[in-house]
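Below are the chains, spelled out letter by letter.
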Amino acid sequence: MKRVRAEVLNARNLGVYHSITIVAPELADRVRPGQFLSIGMPPERAFLLRRHFSIHQASRRGGWAGTLEFVFDPQGRGTAWLAEIKAHQFLDVIGPLGKAFAYPTKLNTCLLVAEGHGAAPLYFLAQELRARGKRVDMVVGAETQEHVFKPIEGKRLSQTIAIVTSDGSLGERGSVLDVMPSMLESTRAQVVYAAADRSTLRAIAELCMERQIPSQVTVEEPMACGIGLCFTCTVPLIRKDGSGYDNVRACTEGPVFNPARILWDRWLLDEPRMAPTPPEGFPVVKAWPG
Amino acid sequence: MKRVRAEVLNARNLGVYHSITIVAPELADRVRPGQFLSIGMPPERAFLLRRHFSIHQASRRGGWAGTLEFVFDPQGRGTAWLAEIKAHQFLDVIGPLGKAFAYPTKLNTCLLVAEGHGAAPLYFLAQELRARGKRVDMVVGAETQEHVFKPIEGKRLSQTIAIVTSDGSLGERGSVLDVMPSMLESTRAQVVYAAADRSTLRAIAELCMERQIPSQVTVEEPMACGIGLCFTCTVPLIRKDGSGYDNVRACTEGPVFNPARILWDRWLLDEPRMAPTPPEGFPVVKAWPG
Amino acid sequence: MARLRSSLGVDLNGLRFAHPVLAAAGCLATRRDGPGLVDLHRLGGVVTRTLTLAPSKGAPTPRAAETASGMVSFVGLQNPGLDEFVAEDLPRLRKAQLPVIVSIAGSSLEEYIRIANALHDLEGIDALEVYLSGADVERGGEPFYARPDRIHEVVGAVSRLSRLPVFVKLPPLLPDLVETARLCVRDGAHGFTLIDAVPALAVDVDRLRPRLAVPVGGLSGPAIKPIALGAVYRVARAMPDVPIMGVGGISTGEDAVEFLLAGAWAVQVGTAMLVNPSAPVEIARGIQAYLKAKGIASPGDLRGRLRIQGEVPEPEVVS
Amino acid sequence: MARLRSSLGVDLNGLRFAHPVLAAAGCLATRRDGPGLVDLHRLGGVVTRTLTLAPSKGAPTPRAAETASGMVSFVGLQNPGLDEFVAEDLPRLRKAQLPVIVSIAGSSLEEYIRIANALHDLEGIDALEVYLSGADVERGGEPFYARPDRIHEVVGAVSRLSRLPVFVKLPPLLPDLVETARLCVRDGAHGFTLIDAVPALAVDVDRLRPRLAVPVGGLSGPAIKPIALGAVYRVARAMPDVPIMGVGGISTGEDAVEFLLAGAWAVQVGTAMLVNPSAPVEIARGIQAYLKAKGIASPGDLRGRLRIQGEVPEPEVVS
Ligand SMILES: Cc1cc2nc3c(=O)[nH]c(=O)nc-3n(C[C@H](O)[C@H](O)[C@H](O)COP(=O)(O)OP(=O)(O)OC[C@H]3O[C@@H](n4cnc5c(N)ncnc54)[C@H](O)[C@@H]3O)c2cc1C
Ligand SMILES: Cc1cc2nc3c(=O)[nH]c(=O)nc-3n(C[C@H](O)[C@H](O)[C@H](O)COP(=O)(O)OP(=O)(O)OC[C@H]3O[C@@H](n4cnc5c(N)ncnc54)[C@H](O)[C@@H]3O)c2cc1C
Ligand SMILES: Cc1cc2nc3c(=O)[nH]c(=O)nc-3n(C[C@H](O)[C@H](O)[C@H](O)COP(=O)(O)O)c2cc1C
Ligand SMILES: Cc1cc2nc3c(=O)[nH]c(=O)nc-3n(C[C@H](O)[C@H](O)[C@H](O)COP(=O)(O)O)c2cc1C
Ligand code: FES
Ligand code: FES
């Protein structure tokens, strides 16, 4: 983890999304899919916490060598400010942060399931998996056509891809959960990776556990520091031996987790729909497929 | 008093000063020298109070008709932000605010004494006085040559002018107080107007009282609202009948005051040098020369 | 704003406002050259600058200093005193035909009693707000709120002798805020105004001096909004039927909705109005827009709507 | 930073720091994968995350929400518990060779006594900081600071049995802050840490819910700096010889100087470090630059330098 004053090489709109590419050779070499960046806010503002974004691209070779790209959809004050950033301005960047997705060594066919901006880190992952000779298929979901992140690139990166939108404006109408079962069959996926809303992640986790498919998900728990200092970003994680759970920091021990180990009932307390029901014991979790 | 969203027509540097000209026909017609504008700060900043600036120019005729100009030297966060404003941006402006300088009806020769940015409102006053056929002489002081505000315009507007700088880089070395006595003699000034530091204003006030010369000064007491709501901007003003004093709002009853009525010992409490000594009775103050 | 009013009315157990946004004490001059750009007719109501028996010149200047998302100020209750207020300010306020809440302070129990007495049967006063942050000369100048028994004496006395609804303005600086509030209700308080500005200091490091002439002033503005919300929430949960006016850092309709959800029956606006004279009207509009978007009928319906997550039982097996 | 240290040393009546900028409790993980970008060796000292006898899982999430110039957070004292702290964290801190202040909390008087006992003769602990904002199970879960007698019991017990200097961390929420502080000194407290985060609430108006899982958390960051300064100033004026560590919204050298002028002997940095991991070092540098510019020899010399304007006699003739 390093902190750099990084020049913005490129800042552009991608439909509803914004993409920012920074020059950060010190970081670019070491980043892996699933890791994220922490961006400092400008001084004298009423909003002061750093904002966090998954890494979408790391260029190690060619003209763009040493650059990193992240993608975001403007939500509130911080991303509104970021959306105004222009090339050649400088950003206060800390990274790479967090644990990356693990690559399967033996297993070969991977299904990547993304909602909204979740596609950004998964496209990065897809590249790395293919570079390792894995088969990659994708399910990409979003509210509307505009919210589907880089569909062309998604097609390019995957053997087969299912695109779904809530309003049916692109691909099938529905959610990623509607098409996942058929995709699992058609692709015979051996491993699942997902980046989506918490409640979607939970459903995906349950689906994979039923079918005994090892999976990894990346979570977006709000983070005050992003670098392990404050313990505001914790996720309740079941111990490997099933002896209980610990609140672990998503910024340090995550943001990528084995969803089978997340104590969903407890973590999703703040989701209106979910009632806090104490689980009856914990499963002993199989290690990540070696 | 009106509040307008005013377009910036022109924003430029004048030595160490910044000048901003806004398009505000609703205000321009009514403003008089000594009145000031209140500028709103942008949202989402950690600094939220409005900033206040004397009016330097009001153009009622010609190509610039309906425009207002104010001048400032960047001090802190608010003026730093204002210094970045460019033409065609918009400002949240309230004005005209406060009481203006009174013009003498019978008396004719006026000495205007300005320190630093204090010259901005006094040049405006000089124009209006000359338009009324008065003789105007000036004393303009500043730290260095760069801090002397528009010396050429000063010369143009005055019969005679004495320029002084603390370091002697322009005009005589010294303070406006050093040259005032001689200027009072040479010009036979019948009325004095001043815009300067509090302690300088006090000395000017005493000088004028000794010599029985009616005078008016404009003060810069920090103002939280600038529009008469909060009573944070008060100045202790001796009652006309000498029966005591009242804390009156500089933004509403001021910023122009008859210095003979300011209870200096009390007002300058916060000036380190001044000890709070209760005055022995108050002078009965002559009305402004009709 | 006529339409606005119709849907925004609130009723604080008998005290009615056309909409729930009032001007906070000390932030709206009621002098002749008064409210300036603030449109009195469009306020839900006015809380006056705190009134004392005798005229008060207030504190020396500087009286205000800007801080991060707020300001520290100490005006020192400058006010014209009872007689001039009744002769000059009150008639002017009555002309505006809006609810008037008079904020009162004394430096002794007796002064509180005398001023409450003088006001209680005057036309054009709708309620009293008891200010307790002033110096108590009978207790060596400590604030009245410093001792529960003293709060009890003052609030009890004022409530007993006045036919007007009495709101007690409390600072957040009470470890047993809820208990104190309960005490006040037993003493006859009609409701509460939460919160008063928070005691605070700003230092001028260049001149090695406090920024204000009286070093410790009151912090106000957006900075204290979460503190005020916390106070409103705690008191409202304990006494859901007692009217609370929330105040502290409210500058937008959303801010006001936060207070109404936390349990406030109405809100007051101070610092935001100094910066933006039309803040109260914009805030009222913002509340209306929110209600419309959420399909909620009136501001009062927001009260108690805050969904609190239940206590979370630890899973048994946890070692 | 070698040169820096030489001129910045402070002595809190026996407790010495190479420079007066420490990491505040709960804002610097001391786990294996700990301080990340914060350079332990360049801190004046560390206050640990508050420690309890048994390990604590802390509160559910969300635990933090951003507010105007600050944040509201409730971590719920998540910590590894005494045994693991002693076995893992403490040795790691000792390696860093910097002063270690252990923040302790209990849910009963007995727990405070037991944890203080367990720590008082361990190598590598330089002082204790007593956290009083936790729930007191023996008093229906109200915070320990809510009752002077309870503060007295806890501080007295811990101070009596520990050979370590004991700092009491007080919230600003005490009307009689100064009196309470006096009480603590009589009970054997070595000094104070002022202030703890301020109880506060943030509301999510879209989802009609508090932003945090546990509704009322603690407000920290620049927003509360003037409140913290006010508390430091009042206690320091009353007890100029009792060491105070100032904490609350400090993010620059100037902020720290404000505290030192107001009467603090050292400062702690929390939120600012979360946003800028090198804040403590930059703040120490800023203090040094200020001292140089003003020609003042050491941070300690700033104490009591605040020039207070005398009381102002009203001119007699005033009617
Ligand atoms: C590890 C990680 C990776 C992320 N990757 C991406 C990404 O690649 N693209 C993207 O668009 N977004 C991503 N997010 C979410 C992104 O951080 C938030 O959308 C962003 O912080 C919102 O800031 P704001 O100023 O626009 O919103 P505001 O509402 O102003 O934010 C207020 C506070 O809440 C926090 N916050 C608000 N929404 C979220 C959220 N959804 N998740 C976490 N914190 C939040 C902010 O960080 C800030 O502290 C990621 C979050 C995390 C934790
Ligand atoms: C009636 C009036 C007329 C003025 N006219 C001019 C002018 O023509 N040109 C000019 O350069 N300046 C003028 N000033 C001073 C100007 O308002 C301040 O320089 C400016 O507010 C500083 O803001 P800042 O953000 O740069 O400083 P900051 O230090 O960030 O200001 C912090 C707070 O202190 C207040 N403040 C700081 N310095 C002063 C000051 N000297 N006087 C009053 N308030 C202050 C600010 O308004 C703000 O509320 C005038 C002030 C008043 C009251
Ligand atoms: C300049 C100023 C003057 C104030 N005067 C009074 C007062 O006279 N009486 C009172 O009870 N509160 C007074 N207050 C406190 C406000 O009524 C309000 O409680 C506090 O400012 C918090 O609200 P805000 O953040 O909207 O300003 C004053 C506040 C300010 C800023
Ligand atoms: C995330 C977080 C966790 C905290 N945990 C503790 C704690 O465990 N014990 C404690 O005494 N104070 C704790 N605090 C309070 C800080 O130590 C400090 O008193 C407060 O945050 C004000 O300082 P600041 O504005 O510099 O953050 C915590 C603050 C934050 C922001
Ligand atoms: S965000 Fe601070 S520890 Fe994870
Ligand atoms: S600045 Fe508010 S009354 Fe003058």
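Residues numbered from 1 in each chain as written. Chains lettered and ligands numbered in written order. Predicted model: local features only at pLDDT ≥ 70, side-chain atom pairs only at ≥ 80, totals over all residues. Heavy atoms only, no water.

Here the focus is the overall build of chain C. Counting its regular elements, chain C contains 9 helices and 18 strands. Whereas a compact globule of 319 residues would reach a radius of gyration of roughly 20 Å, chain C reaches 19 Å, a difference of no more than 12%. Taken over the C-alpha atoms alone, chain C extends approximately 65 × 55 × 45 Å along its principal axes. Within the span of chain C, comprising 319 residues, buried residues form 64% of the whole. Taking contacts inside chain C between residues at least 6 apart in sequence as the whole, the part at least 24 apart equals 69%. (Helix = DSSP H or I, 4+ residues; strand = E, 2+ residues; numbered from the N terminus. Rg over C-alpha atoms; globule rule 2.2 N^0.38 Å. Buried < 20%, exposed > 50% of the residue type's maximum accessible area, 1.4 Å probe, protein only. Contact = heavy atoms within 4.5 Å.)

Take the site of ligand 2 next. All names here are of chain B. Residues in close proximity to ligand 2 total 20 residues, the closest being Arg51, His52, Gly76, Gly78 and Thr79. One nitrogen or oxygen atom from the main chain of His52 is found 2.7 Å from an oxygen atom belonging to ligand 2. Contact with the protein chains removes 83% of the 820 Å² of surface that ligand 2 exposes when unbound. At the level of secondary structure, the elements contributing two or more residues to the shell around ligand 2 comprise strand 4 (51-59), strand 5 (67-72) and helix 2 (77-82). Tallying contributions element by element places strand 4 first for the shell around ligand 2, with 4 residues. (Near = heavy atom within 4 Å. Polar contact = N/O pair within 3.5 Å; in protein donor to acceptor, adjacent residues only side chain to side chain. Areas by Shrake-Rupley, 256 points an atom, 1.4 Å probe, with all protein chains shown as cover.)

Put simply, Gly95(A) and Pro96(A) share a cis peptide bond, and its omega is -15°. Here Pro96(A) lies in strand 6 (residues 90-97). The linkage connecting Gly254(B) with the following residue, Pro255(B), adopts the cis geometry, with an omega of 0°. Mapping Pro255(B) onto the fold places it in the loop between strand 14 (245-249) and strand 15 (256-257). The residue Leu77(C) is not glycine, and still its phi comes out positive at about 55°. Relative to the assigned elements, Leu77(C) resides in the loop between strand 6 (70-73) and helix 2 (81-95).

This part covers the site of ligand 3. Residues in close proximity to ligand 3 total 23 residues, the closest being Thr50(C), Lys169(C), Gly221(C), Gly249(C) and Thr271(C). Near ligand 3, residues from chains B and C are present, making the site a shared one. Separating an oxygen atom of ligand 3 from a backbone N or O atom of Gly249(C) is a distance of 2.7 Å. The side chain of Thr271(C) places a nitrogen or oxygen atom 2.6 Å from an oxygen atom of ligand 3. Coverage of ligand 3 by the protein amounts to 95% of the 600 Å² it exposes when considered alone.

With that out of the way, let us pick up the packing of aromatic side chains. One pair of aromatic rings is described through two measures. These are the centre distance and the angle between the planes. Throughout the structure, instances matching the rule amount to 16 aromatic pairs over all chains. Pairing Tyr112(D) with Phe144(D) gives two aromatic rings, centres 5.0 Å apart and planes at 85°, and the pair type is edge-to-face. Separated by 32 residues along the polypeptide, Tyr112(D) in helix 3 (residues 109-119) and Phe144(D) in the loop between strand 10 (142-143) and helix 4 (148-161) bring together distant segments of the chain. Its relative accessible area of 0% is what places Phe144(D) among the buried residues. Within the aromatic cluster, the residues linked to one another by ring pairs are Tyr17(A), Tyr123(A) and Phe149(A). The ring of Phe90(A) has Arg5(A) sitting right over it, with the charged end atom 4.2 Å from the ring centre. Positioned above the aromatic ring of Trp265(C) is the side chain of Arg303(C), whose terminal nitrogen or guanidinium carbon lies 3.7 Å from the ring centre. (Phe/Tyr/Trp six-rings, centres within 6.5 Å; stacked < 30°, edge-to-face > 60°. Lys NZ or Arg CZ within 6 Å of the ring centre and 35° of its normal.)

On to the interface of chain A and chain D, then. Listed by partner, the interface residues are 35 residues for chain A and 38 residues for chain D. Buried area between chain A and chain D, both sides added, is near 2900 Å², and the carbon and sulfur share of it is 56%. Between Glu66(D) and Arg51(A) there is a salt bridge, with the nearest N and O atoms lying 2.8 Å from each other. Seen at the junction of chain A and chain D, the total is 15 residue pairs in polar contact (both at pLDDT 80 or more). For the side of chain A that touches chain D, the secondary-structure elements that each account for two or more residues are strand 1 (2-14), strand 14 (245-249) and helix 7 (264-267) of chain A. The biggest single contributor to the side of chain A that touches chain D is strand 14 of chain A, with 4 residues. Across the side of chain A that touches chain D, the residue classes tally to 16 nonpolar, 5 polar and 14 charged. (Buried area = accessible area lost by both parts, 1.4 Å probe. Salt bridge = Lys/Arg side-chain N within 4 Å of Asp/Glu carboxyl O. Nonpolar A, V, L, I, M, F, W, Y, C, P; charged D, E, K, R; others polar.)

On to a nonpolar patch on the surface, then. Side chains of Leu9(A), Val23(A) and Trp64(A) sit close together on the surface and give an oily, nonpolar patch of about 250 Å² of accessible area. Position of Trp64(A) relative to the elements: it lies in the loop between strand 4 (51-59) and strand 5 (67-72). (Patch = residues over 30% accessible without salt bridge, like charges linked within 9 Å, V, L, I, M, F, W, Y side chains within 5 Å.)

Without other data, these values stay purely geometric and don't point to any function.
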